[in-house]
Amino acid sequence: MQQGPGMPGIRQEADAVDSSARTSPAPSRAWRQTSRSHTSAAEIIVEHVRDLLERGEIRAGHRLPPERTLALQTGVSRSSVRVGLRALATMGVIQSRHGSGTYIADGPPTLETEPLRFLAALHGFTRDEMFEARRLIEVGVAGLSATRASGEHVAAIAEEVTSMFASLDDPQAFLRHDLRFHQAVASACGNPILTSLVEMLSQVFYERRRETVSQHRDFRESAEMHRRIYLAIRQHDAAAAREAMDRHLLQSVEAQASEEGAREEADAAVLV
């Protein structure tokens with residue numbers, strides 16, 4: 001087909017586009033981020049800090065650049081920088097030190113329980129599903145801890161067992177040491193991801209059970225079960241640690257169901 005006067009052919013148009021693509025500089029990362037309509041300015045700050053961490057330009061304990069520098073690096077306003085930094089603080093990624101600046105968190109990784117609670121409410125996670133997840137993770141973690149626990153880890157676990165026996169007459173104190181026991185066992189597994197998952201899940205169950213634990217009458221059996229887990233870890237017996245943890249968790253969920261039933265009966269009696 002013959003082209004009209006002054007109108008370039010299809011091949012010429014393609015060549016012109018290809019030439020422009022070769023000669024134009026690649027867009028900066030900040031430009032690419034701001035050009036995405038679904039990405040807010042605050043999210044750009046979150047992504048920028050994550051990129052700095054992934055590239056190794058900043059590490060745990062390092063001070064973040066000032067707000068002004070972050071705004072220049074990303075092309076967003078300082079108010080958006082502050083919103084992004086608040087989001088990072090909520091996630092536990094950064095910590096503000098008065099009079100010093102903002103730093104990347106340098107402690108052990110933590111996962112907040114609130115996002116999981118929202119997901120449970122949103123998607124209808126049942127207690128049985130949550131318990132199944134906890135059981136699968138914690139039983140495996142107990143086995144890892146038995147093979148990897150240092151003397152310091154074993155001492156931390158022993159301290160919580162001793163405190164549990166000392167708190168048999170104080171349900172709330174007993175439950176707090178129960179939570180710390182599971183966190184100490186998780187810390188001994190040597191895998192920070194698993195440690196964080198155990199801490200998050202055990203915290204969720206702790207928050208639920210502290211409303212009913214006062215209905216429990218005898219904590220000695222539970223304390224003994226924790227002692228068996230501790231002994232298996234101290235002896236570096238992974239199979240025994242997994243078995244003892246599994247038995248304890250099954251007993252724990254039964255105890256919680258019994259406590260909730262007792263509380264419902266007590267509430268019904270008050271109404272009558």
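The preceding data block contains the structure.
As the structure is a computational prediction, the values presented were derived from the model and not from experiment.

The rules behind the values
Residues numbered from 1 in each chain as written. Predicted model: local features only at pLDDT ≥ 70, side-chain atom pairs only at ≥ 80, totals over all residues. Heavy atoms only, no water. 1 Å grid on protein atoms, 1.4 Å probe; cavity = no way out; pocket = protein on both sides within 12 Å on 5 of 7 lines; lining within 4 Å. Points joined across faces, edges and corners; volume = space filled by probe spheres on them. Helix = DSSP H or I, 4+ residues; strand = E, 2+ residues; numbered from the N terminus. Nonpolar A, V, L, I, M, F, W, Y, C, P; charged D, E, K, R; others polar. Core = buried A, V, L, I, M, F, W, Y, C linked by side-chain atoms within 4.5 Å. Buried < 20%, exposed > 50% of the residue type's maximum accessible area, 1.4 Å probe, protein only. Contact = heavy atoms within 4.5 Å. Pairing = 2+ DSSP bridges. Phe/Tyr/Trp six-rings, centres within 6.5 Å; stacked < 30°, edge-to-face > 60°. Lys NZ or Arg CZ within 6 Å of the ring centre and 35° of its normal.

Chemist: How would you explain empty space enclosed by the protein if you had to name every residue and give the values?
Modeler: One pass over the full model with this rule turns up two cavities of 30 Å³ or more. Estimated volume of the largest cavity: approximately 180 Å³. Together, 15 residues line the largest cavity, and Arg 134, Asp 178, Phe 205, Arg 209 and Ser 252 are the ones closest to its centre. Within the residue set of the lining of the largest cavity, elements represented by two or more residues are α7 (127-148), α9 (171-187), α10 (192-209) and α12 (238-271). The biggest single contributor to the lining of the largest cavity is α12, with five residues. Among the residues forming the lining of the largest cavity, the class breakdown is seven nonpolar, five polar and three charged. Of the volumes computed, that of the second largest cavity is approximately 40 Å³. The dominant element in the lining of the second largest cavity, judged by the number of residues it contributes, is α12, at four residues. Of the residues contributing to the lining of the second largest cavity, the split by class is two nonpolar, five polar and two charged.

Chemist: Describe in detail the nonpolar core, supporting the description with residues and values.
Modeler: Core analysis: the largest hydrophobic core is formed by 34 residues, its most contacted members being Ile 157, Phe 181, Tyr 230, Ile 233 and Met 245. When contributions to this core are tallied by element, the ones reaching two or more residues are α7, α8 (151-166), α9, α10, α11 (220-234) and α12. Among the elements that line this core, the one with the most residues is α9, at six residues. Ignoring anything within four residues of it in the chain, the contact list for Met 245 reads Glu 138, Val 139, Ala 142, His 182, Val 185 and Ile 229. In this structure, Val 49, Leu 64, Val 81 and Leu 85 belong to the second largest nonpolar core, which totals 15 residues.

Chemist: I'd like a rundown of the pairing of strand β1 (residues 94-97), residues and numbers included.
Modeler: Bridging between β1 and strand β2 (residues 101-104) involves four bridges; their strand directions are antiparallel. Among the inter-strand pairings, Gln 95 is bridged to a residue of β2, identified as Tyr 103. Where β1 hands over to β2, the hairpin turn is made up of three residues, of which Gly 99 adopts a positive phi near 80°.

Chemist: Hey, could you go over the packing of aromatic side chains for me, with residue numbers and the actual values?
Modeler: According to the stated counting rule, one finds one aromatic pair in the structure shown. Their ring planes at 35° and their centres at 4.6 Å tell us that Phe 174 and Phe 219 sit as a pair that is tilted. Taken together, the positions of Phe 174 in helix α9 and Phe 219 in the loop between α10 and α11 put the pair 45 residues apart, joining distant regions of the chain. Judged by relative accessible area, which is 2%, Phe 174 ranks as buried. Here Arg 97 stacks its cationic end above the ring of Tyr 103, 4.0 Å away from the centre of that ring. When the ring centre of Phe 205 is taken as reference, the NZ or CZ atom of Arg 134 above it lies at 5.2 Å.

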